[in-house]
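# Structural features, examined
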Amino acid sequence: MHQFEPIQYIFGHTVWHGLDLKVTPATLIPRPETAELVDRINHEEAHTNNLPLRVLDIGTGSGCIAIALKKAHPEWEVMGIDISEGAIEVAKENAKRNEVEVEFRVADIFRTLKERELRDSIDKNPSYDIVVSNPPYICEREKEEMRPNVLDYEPHSALFVPDEDPLKFYRRIASLHLGSLLFFEINEAYPTEIATMLSGLNYSDIQLSKDVYGKARIIQARSAR
């Protein structure tokens with residue numbers, strides 16, 4: 001055992017949002033804030049009367065968001081994608097562990113492809129009702145403020161963005177217009193910037209929600225396309 005190693009990695013799993021999830025150093029440990037993101041989607045879509053919505057979870061990691069949504073809505077068709085093959089393997093195992101059918105694929109949203117080709121690499125019918133993402137959003141300069149149990153053990157590729165481009169992932173995902181409704185977990189320092197960016201990309205009905213700590217944490221918007 002190493003000093004500061006998260007107990008979830010030591011035991012190889014965690015309980016989150018009622019799910020038993022395997023976690024490894026290839027995946028982030030799911031946070032309470034992300035459970036609030038799931039709850040927000042469930043609340044927003046409570047009026048759908050069990051319609052079979054299509055959902056895409058970008059940067060799925062352990063699969064926690066995708067699996068939680070599928071568990072709450074068995075009628076939904078849910079897919080999760082991630083650039084990390086290791087994370088996708090963990091996500092697939094977690095779907096089996098929690099007895100849900102979610103499709104998981106390795107995909108890189110920054111591939112140098114035309115948008116249509118990127119869409120086809122994800123799905124032949126890339127028209128989703130909901131797109132959700134908890135992307136990397138911690139700036140590199142924030143490392144010095146972080147606890148060693150996070151900084152020394154959790155995957156940096158899932159945590160950090162360049163200081164000079166903190167909206168990198170939000171902008172790319174939003175620009176693809178893959179779904180009707182978009183939900184992001186966000187860096188509390190950039191709610192106004194993200195909302196402005198979404199508005200500039202022709203999103204409407206932009207709403208910001210705070211987490212239980214009063215921090216700006218979830219933003220949702222409707223695509224004009």
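In this report, we go over the structure that sits alongside the text.

Here we take up the nonpolar core. Counting residues in hydrophobic clusters, the biggest one holds 28 residues, and the most contacted among them are W16, L69, W76, F104, I130 and V132. Those elements giving two or more residues to this core turn out to be strand 2 (19-22), helix 2 (32-44), helix 3 (64-72), helix 4 (85-97), strand 6 (128-133) and strand 9 (179-185). The leading source of residues in this core is helix 3, at six residues. Ignoring sequence-local partners within four residues, the contact set of W76 consists of I41, E45, L51, P52, L53, V55, L69, K70 and I130.

Further remarks concern helix 3. For helix 3, the tally of buried residues reaches seven of nine residues, placing the bulk of the element in the interior. Buried within helix 3 are the following residues: C64, I65, A66, I67, A68, L69 and K70.

Within the secondary structure layout, S127 lies in the loop between helix 5 (115-122) and strand 6. Spatially, the C-alpha atoms of S127 and G179 are 5.8 Å apart, while their sequence positions differ by 52 residues. Filtering out sequence-adjacent residues up to four positions away, S127 remains in contact with R54 and L178.

The rules behind the values
- Residues numbered from 1 in each chain as written.
- Predicted model: local features only at pLDDT ≥ 70, side-chain atom pairs only at ≥ 80, totals over all residues.
- Heavy atoms only, no water.
- Core = buried A, V, L, I, M, F, W, Y, C linked by side-chain atoms within 4.5 Å.
- Buried < 20%, exposed > 50% of the residue type's maximum accessible area, 1.4 Å probe, protein only.
- Helix = DSSP H or I, 4+ residues; strand = E, 2+ residues; numbered from the N terminus.
- Contact = heavy atoms within 4.5 Å.

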